[in-house]
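Residue-level structure breakdown
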Amino acid sequence: HYLDPINLKDDRLLRTPFLLNRIEYFVDKLHYQYPDTVSMAIDRVLDRMDPSSDMFKYYVVHFTNRAAASKIVGMDAVYVHMVDKYYASGKAHWADPDQLITMVNNANKARPLLIGKTAPDMQMKRRDGSPVNLHDLDAKYTILYFWQFACGSCKKSTPVMKEFYAKWKDRGVEIFSVCTKQGEIDKCWDYVDESEIGDWLHATDRFLRFYKDYDIHSTPTIFVLDENKEIVSKRIGAEQLDGLLEALEKRSR
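Residues numbered from 1 in each chain as written. Predicted model: local features only at pLDDT ≥ 70, side-chain atom pairs only at ≥ 80, totals over all residues. Heavy atoms only, no water.

A tally of helices and strands in the chain yields nine helices and seven strands. Principal axes of the C-alpha set define a box for the chain whose edges measure 65 × 45 × 30 Å. Expressed as a percentage of the 253 residues in the chain, the buried residues total 45%. Partitioning the contacts of the chain with sequence separation of at least 6, the portion at a separation of at least 24 is 68%. Looking at the chain as shown, the accessible area adds up to about 13,700 Å², and 49% of this sits on carbon and sulfur atoms. When the 36 positive and 38 negative side-chain charges of the chain are each reduced to one mean point, those points stand 3 Å apart. (Helix = DSSP H or I, 4+ residues; strand = E, 2+ residues; numbered from the N terminus. Buried < 20%, exposed > 50% of the residue type's maximum accessible area, 1.4 Å probe, protein only. Contact = heavy atoms within 4.5 Å. Areas by Shrake-Rupley, 256 points an atom, 1.4 Å probe, with all protein chains shown as cover. Lys, Arg positive; Asp, Glu negative; His and termini not counted. Charge placed at Lys NZ, Arg CZ, Asp CG, Glu CD.)

What follows is the structure in structure tokens.
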């Protein structure tokens, strides 16, 4: 009943100094911050508004933009929800057609990579040319690691990843490492040798399908998969892996 005293069909409230804080408190503080719960809370707010009003337009745009800009892992699911329910459905009647196409495309790219989804399989090649598929890897946790040999951030991540793997390799963790600089593949292997990371599983794909399947825009990019190859976390730093797996292990006991 938190929202009961507020008439969200009254557009005059849109320009008051208190409304945004009240609504964000409702969404952010009175609900668990899980994507499904946040999406439900936003829907409860918007359901109280007139779909043809300026207030409805403002808050649809506000929560969509906020989800798109969120740095919280998993909150891209809220963006997908907003696009599906309000833009793709036609409820966002103000949307520019070109903008709408872009938003729907972005949501469709994000959808298969949401936390809880099964990670797309990848048909790759090892250094010796033998085939290897991501889904064939038998591990309690798989760290999917996209990197480049000339990437400064990747070079900083390498020693962290080495330390992490040394700690976790006997606890059911494997690293599925993909060098994204496929045009100079020999340099990928040179870096593997120089950095002494040959005990990870390294693979390449001359068709570069992983760029589309995993929406890779920068390196390093990390996905954490469980034993069923479901995504449990993603796009985190190498230094966060140890704490994340400790938390996952603690939760599973």
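Read on, since the account is not over.
Examined against the element boundaries, Thr 221 turns out to sit in strand E6 (residues 221-225). From its side chain, Thr 221 meets the backbone oxygen of Ser 218 in a polar contact 2.6 Å long. Apart from residues lying up to four places away in sequence, Thr 221 is in contact with Leu 144, Tyr 145, Phe 146, Ile 216 and Arg 235. (Polar contact = N/O pair within 3.5 Å; in protein donor to acceptor, adjacent residues only side chain to side chain.)

Turning to helix H3 (residues 54-69), a few remarks are in order. For H3, built from 16 residues, the straight-helix expectation of 22 Å at 1.5 Å per residue is met to within 8% by its first-to-last C-alpha distance of 22 Å. Along H3, the residues that are buried comprise Met 55, Phe 56, Tyr 59, Val 60, His 62, Phe 63, Thr 64 and Ala 67. Buried residues belonging to H3 abut helix H1 (19-29), helix H2 (35-46), helix H4 (76-87) and helix H5 (97-110). (Expected span 1.5 Å × (residues − 1).)

Right, let's get into the pairing of strand E4 (residues 173-179). The element E4 is extensively covered by neighbouring structure, given that six of its seven residues are classed as buried. Across seven bridges, strand E3 (residues 141-147) lies against E4 in parallel orientation. Bridged to Trp 147 within E4 is Cys 179. This β-α-β element, E3 to helix H6 (residues 152-168) to E4, shows right-handed connectivity. Of the pairings in the sheet, the one linking E4 to strand E5 (residues 201-203) comprises three bridges and is parallel in character. In the sheet register, Phe 176 faces E5, and the bridge partner there is Leu 201. (Pairing = 2+ DSSP bridges. Right-handed = clockwise from strand over helix to strand, strands pointing away.)

The next subject is the packing of H1 against H2. Two numbers describe how H1 lies on H2: the axes approach to 9 Å, and their chain directions differ by 150°. As for the relative orientation of H1 and H2, their crossing is right-handed in sense. For the pair formed by H1 and H2, the contact residues are Ile 23, Phe 26 and Val 27 on the first element and Val 38, Ala 41, Ile 42, Arg 44 and Val 45 on the second. Partitioned by chemical class, the residues of the contact of H1 with H2 number seven nonpolar, no polar and one charged. (Axes fitted to C-alpha atoms, helices over the stretch in contact; angles between N-to-C directions. Left-handed = near helix turned anticlockwise from the far one by under 90°. Nonpolar A, V, L, I, M, F, W, Y, C, P; charged D, E, K, R; others polar.)

What follows concerns the packing of aromatic side chains. What the rule picks out here adds up to 16 aromatic pairs. For the pair Trp 147 and Tyr 191, a centre-to-centre distance of 5.3 Å together with 35° between the ring planes defines the contact as tilted. Here the residue Trp 147 occupies a position in strand E3, and Tyr 191 occupies one in helix H7 (residues 185-195), the gap between them amounting to 44 residues. Neither Trp 147 nor Tyr 191 differs from the other in exposure class; each is buried. Clustering of aromatic rings is evident, with ring pairs tying together Phe 146, Phe 210, Tyr 211, Tyr 214 and Phe 223. Arg 22 extends its terminal NZ or CZ atom over the ring of Tyr 2, reaching a point 5.1 Å from the ring centre. Positioned over the ring face of Trp 168 is Arg 171, at 3.8 Å from the centre of the ring. (Phe/Tyr/Trp six-rings, centres within 6.5 Å; stacked < 30°, edge-to-face > 60°. Lys NZ or Arg CZ within 6 Å of the ring centre and 35° of its normal.)

Turning our eyes to something else, we now look at the sheet that holds strand E7 (residues 231-234). Read from one edge of the open sheet, five strands run E5-E4-E3-E6-E7, paired in mixed fashion. With one partner strand each, in any of the chains shown, E5 and E7 form the two edges of the open sheet. On average, each strand axis in the sheet is inclined to that of its neighbour by 20°, with strand direction left out of account. Sheet strands in contact with helix H9 (residues 241-252) are E3, E4, E6 and E7, and its direction is about 160° off that of E3.

Where H4 meets H5, the axes come as close as 9 Å, and the angle between the chain directions of the two elements is 135°. Our classification of the angle between H4 and H5 gives oblique. Crossing angle aside, the handedness with which H4 passes H5 is left-handed. Judged by residue contacts, Tyr 79, Val 80, Val 83 and Tyr 87 of H4 engage Leu 100, Met 103, Val 104, Asn 106, Ala 107 and Ala 110 from H5. The residue inventory of the contact of H4 with H5, partitioned by class, reads nine nonpolar, one polar and no charged. (Parallel < 35°, antiparallel > 145°, perpendicular 65-115°, else oblique.)

Purely spatial values, then, with no claim about function.
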